[in-house]
Every structure is written in C-alpha cells, then in structure tokens.
Amino acid sequence: MTVNLLDFDAAGLTDFFAEQGEKSFRARQVLRWIHRCGQGDFAAMTDIAKTLRAKLMAVAVVAPPAIVSDRLADDGTRKFLFDVGGGNAVETVFIPEDDRGTLCISTQAGCALDCSFCSTGKQGFNRNLTVAEIIGQLWQANRTLEADRDRDGQLAEDAERIISNVVLMGMGEPLANFENTVTALRLMLDDNAYGLSRRRVTVSTSGLVPAIDRLRDECPVALAVSLHAPNDALRDELVPVNRKYPLRELMAACNRYLEKAPRDFVTFEYVMLDGVNDSDAQARELLALTREVPRKFNLIPFNPFPGTSYRRSPAPRIRRFAEILMEAGVVTTTRKTRGDDIDAACGQLAGQVLDKTRRTARRTIVLNEVDAR
Ligand code: SAH
Ligand code: SF4
C-alpha cells in the first residue's frame, strides 16, 4: 500500500522513515522538499540519495486533493474548489490584502452543527477531511499562487511567502475534527514546513468547550469564537451546539484558553442578521456577556444563500452596532464582504460538485441582493 506523505507532520514522518530503516534527518529533508519547496516529485529531490528516492517512489506518494476549479473574483479573492471524492468538494479561499495574504481553509466536508444561518451547516455532514486534505489545500494554493507570481517575473528566492496567514474558517468545524486539524496546524507552524507564527494561524470554532481546552494544551494558536448572540435563548436557536455548551461555560473556556494563547485576546465573530441579533440593546447585552474576556469583535454581514429567510442587517445598523461596542472601548472590525461574485464569502461555501444548478441559482440571488442595496 502506498502511503501519502501529506498525512504526516514532522513526528509522523520521522516514524515513517524509521520504519523504512532511514535516519530522522532524511525525514526532515523530505519534509522541507514537500512543504517548503512545494515539491511532490521524489525524483526532483536532488540532495536525497538515489536509492532512497527510488524506495520512496515505490512506497509513498505526495497526493493532495485535486483542484477542480480555480476562480478569481473582481476584488482579487481567489476560490479553489477541491475534489475530495465521493461527489464531495471543499472550498479554499485566498484573500489578498496590502499587508498580508490570508488563506481560508476547510476542515470537513459539510458540518454537523447545523447553525441556522450557515449554508455549510444546511448541507449536512459528510465526513472529516484527512490531514492530507487539510494541509493539501495550503500546499496546492501555495504552489499555484507562487507559480503565478514567478510567471509574472518576480524572483521566488527573495520573495516572501504569498500566504502569510491561515484561518480555519472555511467549511466545517475544525475542533470537531480535532486530531487531523491539530496535525495540520503543526505543519503550518513547523519551520521545516510553512513556518507560520502561532499568531498568524487562527482556528474559528462554534464553541466546543472541551476541545477548546484541548487545543490550549496541545497546540495553542489564535482563537476566534463564533458567538452570534448575546444570550443563551437566542444562541440556542442560531448555534444549536449552545444547548450543550452554554455561554457561561464558553466564556470560562475562553479565559482558560488565553492563559496559553499566542495572542492576549479572543476574537468574537458575530454575524449581523436583520432584526434578529442586531439591536442597540443586544449590542449592550453582548458587551455585558463578554465583559470578563479580553476580546475583539468581528462583525460579519450575513451572506444570504437560497432557501434562507434571514436577511443581512442594513449597513447603518451594522455601523451603529459597531459604534456601541467601540464606545465601550472594545476594538471592533466589520468584515468586508469579499468574493461574493464567486460565492466565496463567509457562509456561502457549499461544495457539491454535482450541484451545479443550485450554485448558479445562488450566485444570481447573491448578485441581485447586492445590486438591490
Ligand atoms: N465552524 C467554524 C468555522 C467555519 S464558519 C465556526 O462556526 O466558527 C466561519 C465563520 O463564518 C463563522 O463565524 C460562521 O458563523 C460564519 N458564517 C456562517 N454562515 C455565514 C453566513 N451565511 N454569512 C456570514 N457568515 C457566516
Ligand atoms: Fe458548522 Fe461553523 Fe457553519 Fe455552524 S457556522 S454549521 S459550526 S461551519
């Protein structure tokens, strides 16, 4: 059976090499070839002995998920669709900004948590992604973006990596696929792989309390928590997992996390739903709820999808809501809606390869809503 080397972090690869009777420094060399150089062809790993290269060719592969589409939005956002087999596809979005390039990665095909405003949740749960499928999104995006840059004439050697930040905010709940997510995180942080600092890798969770504690102990990175409601009654409705881990427990878990986190605040994400969670009173309630947690707020204008009855809060309402939070001294940003001409905006990620008609319908609706504003 061939082994996919993208499934291994440094420790896993060292074990695999030991099983092959090879020294651990060889594992490190191969790790660097694969992740630092984006090389998937053992024959091209020139400083590895020919005999070892031949052995690797016989027993191993570097097999990322295949890119089935690659689309560029008007604002520079780029969306990759990856085939993960069985009719499932997952999406990865690259968001270029002046001072950084952020890749938004998926961790599951679908999601079991069924948040009422999320199109991924509405499609149900298919399965956890493997490590190779999670890190393979970064591997593929990195290679593609760097190849494009080099074609445009910049020198790869002195150029900085195009992807400077990774957020696990694509499809799925990263902490519900804990082991694979953490192995992929280790690769993102490893200097022999992607070398990203812990502050530049963010896990976004709907609030799985025991897994937040585990992440703190095993691999603390920046944390974003999808709050969306200022009290349990409303959050039970919007984020059903709240019935299991209510807000008081979630706030306590955030504070425990901060004891070991690379940043000294938690980002609370809050989707702005017209007439549901966006009143002045709810902004004040949100401040009171989170008072004990060092935090920032990130307001996300709701992105509609077919079949949803929610609407996006009007822009002046979002501004007023943000003002109330900022007047209390809390840093508050409002996410720019990006890439919505290619369905790449938050919560629009839904990846059925076969579901072409729905995708077209969704795009039309999104564009109409944007035009109507
Ligand atoms: N499962 C994780 C990470 C993926 S979702 C989580 O829930 O945090 C990433 C972010 O997009 C979350 O804050 C999520 O609540 C938000 N989101 C989901 N659907 C959305 C929609 N339709 N419009 C705007 N944001 C949405
Ligand atoms: Fe899952 Fe996050 Fe969507 Fe909720 S918002 S259904 S946790 S992907």
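Everything quoted here is computed from the prediction, not taken from an experiment.

1. Section: helix α7 (residues 209-218)
Structural remark: α-helix, 3.6 residues per turn; residues separated by three or four positions point the same way. Looking at α7, one finds that the buried residues are Val209, Ala211, Ile212, Asp213, Leu215 and Arg216. On its buried face, α7 is in contact with α6 (178-189), β10 (201-205), β11 (222-226) and α9 (247-258).

2. What to know about the site of ligand 1
Near ligand 1 lie 19 residues; those nearest to it are Phe117, Ser204, Ser226, His228 and Asn303. Side-chain polar atom of Ser204 to an oxygen atom of ligand 1: 2.7 Å apart, as the coordinates give it. Note that an oxygen atom of ligand 1 is positioned 2.7 Å from one of the side-chain N or O atoms of His228. When isolated, ligand 1 has an accessible area of 530 Å², and the protein chains bury 95% of it.

3. Details of the pairing of strand β13 (residues 295-301)
Within β13, 6 of the 7 residues are buried, which leaves the element mostly enclosed by the surrounding structure. Bridging between strand β12 (residues 266-272) and β13 involves 7 bridges; their strand directions are parallel. Bridged to Val266 within β13 is Arg295. Once you follow β12 into helix α10 (residues 280-289) and on to β13, the crossover reads as right-handed. The sheet contact formed by β13 and strand β14 (residues 332-334) spans 3 bridges and is parallel.

4. Looking at the site of ligand 2
Inspection of the region around ligand 2 gives Cys111, Leu113, Asp114, Cys115, Cys118, Gly121, Gly172, Glu173 and Ser206 as its neighbouring residues. Among the residues making up the shell around ligand 2, the classes are represented as 4 nonpolar, 3 polar and 2 charged.

5. A short note on the confidence of the model for the protein chain
In this model, the protein chain carries a mean pLDDT of 90, and residues with pLDDT of at least 70 account for 89%. Contacts for the low-pLDDT stretch residues 351-373, under 50 throughout, to residues beyond four places or in other chains number 34 contacts.

6. What to know about the packing of aromatic side chains
Aromatic ring pairs are described here by two measures, namely the spacing of the ring centres and the angle between the planes. A complete count under the given rule lists 7 aromatic pairs for this structure. Between Phe302 and Phe305, the ring centres sit 6.2 Å apart and the planes meet at 65 degrees, which makes this aromatic pair edge-to-face. In this pair, the class of Phe302 matches that of Phe305, namely buried. Three or more aromatic residues joined by ring pairs form one cluster here, namely Phe8, Phe16 and Phe17. The cationic tip of Lys296 hangs over the ring face of Phe265; the distance from NZ or CZ to the ring centre is 4.1 Å.

7. Here's the deal with the environment of Lys244
In this fold, Lys244 is placed in the loop between α8 (232-238) and α9. Spatially, the C-alpha atom of Lys244 lies 9.2 Å from that of Val209, the residues being 35 residues apart in sequence.

8. Points about the pattern of salt bridges
Applying the stated criterion across every chain, the model contains 21 salt bridges. A salt bridge links Glu91 to Lys79, with the shortest nitrogen-to-oxygen separation between them at 3.1 Å. With Glu91 in strand β5 (residues 89-96) and Lys79 in strand β4 (residues 78-83), this residue pair connects regions lying 12 residues apart in the sequence. As far as the burial class goes, Glu91 and Lys79 line up, both buried. A cluster of three or more residues bridged by salt bridges with shared partners is formed by Arg216, Asp217, Glu259 and Lys260.

9. What to know about the pairing of β11
The side chains of a regular strand alternate between the sheet's two faces. Summarising burial for β11: 5 of the 5 residues are buried, a large majority. By the alternation rule, side chains of β11 split into Ala222, Ala224 and Ser226 and Leu223 and Val225, which are all buried. Judged from the 4 bridges that link them, β10 and β11 form a sheet pairing that is parallel. Residue pairing across strands places Ser204 opposite Ala224, the latter belonging to β11. Where the polypeptide runs from β10 across α7 and back to β11, its parallel neighbour, the crossover connection is right-handed. Relative to β12, β11 runs parallel, the two being bridged by 3 bridges. By the bridge assignment for β12, Ser226 is matched with Glu269.

Calculation rules
Residues numbered from 1 in each chain as written. Chains lettered and ligands numbered in written order. Predicted model: local features only at pLDDT ≥ 70, side-chain atom pairs only at ≥ 80, totals over all residues. Heavy atoms only, no water. Buried < 20%, exposed > 50% of the residue type's maximum accessible area, 1.4 Å probe, protein only. Helix = DSSP H or I, 4+ residues; strand = E, 2+ residues; numbered from the N terminus. Contact = heavy atoms within 4.5 Å. Near = heavy atom within 4 Å. Polar contact = N/O pair within 3.5 Å; in protein donor to acceptor, adjacent residues only side chain to side chain. Areas by Shrake-Rupley, 256 points an atom, 1.4 Å probe, with all protein chains shown as cover. Pairing = 2+ DSSP bridges. Right-handed = clockwise from strand over helix to strand, strands pointing away. Nonpolar A, V, L, I, M, F, W, Y, C, P; charged D, E, K, R; others polar. pLDDT = per-residue confidence, 0-100. Phe/Tyr/Trp six-rings, centres within 6.5 Å; stacked < 30°, edge-to-face > 60°. Lys NZ or Arg CZ within 6 Å of the ring centre and 35° of its normal. Salt bridge = Lys/Arg side-chain N within 4 Å of Asp/Glu carboxyl O.

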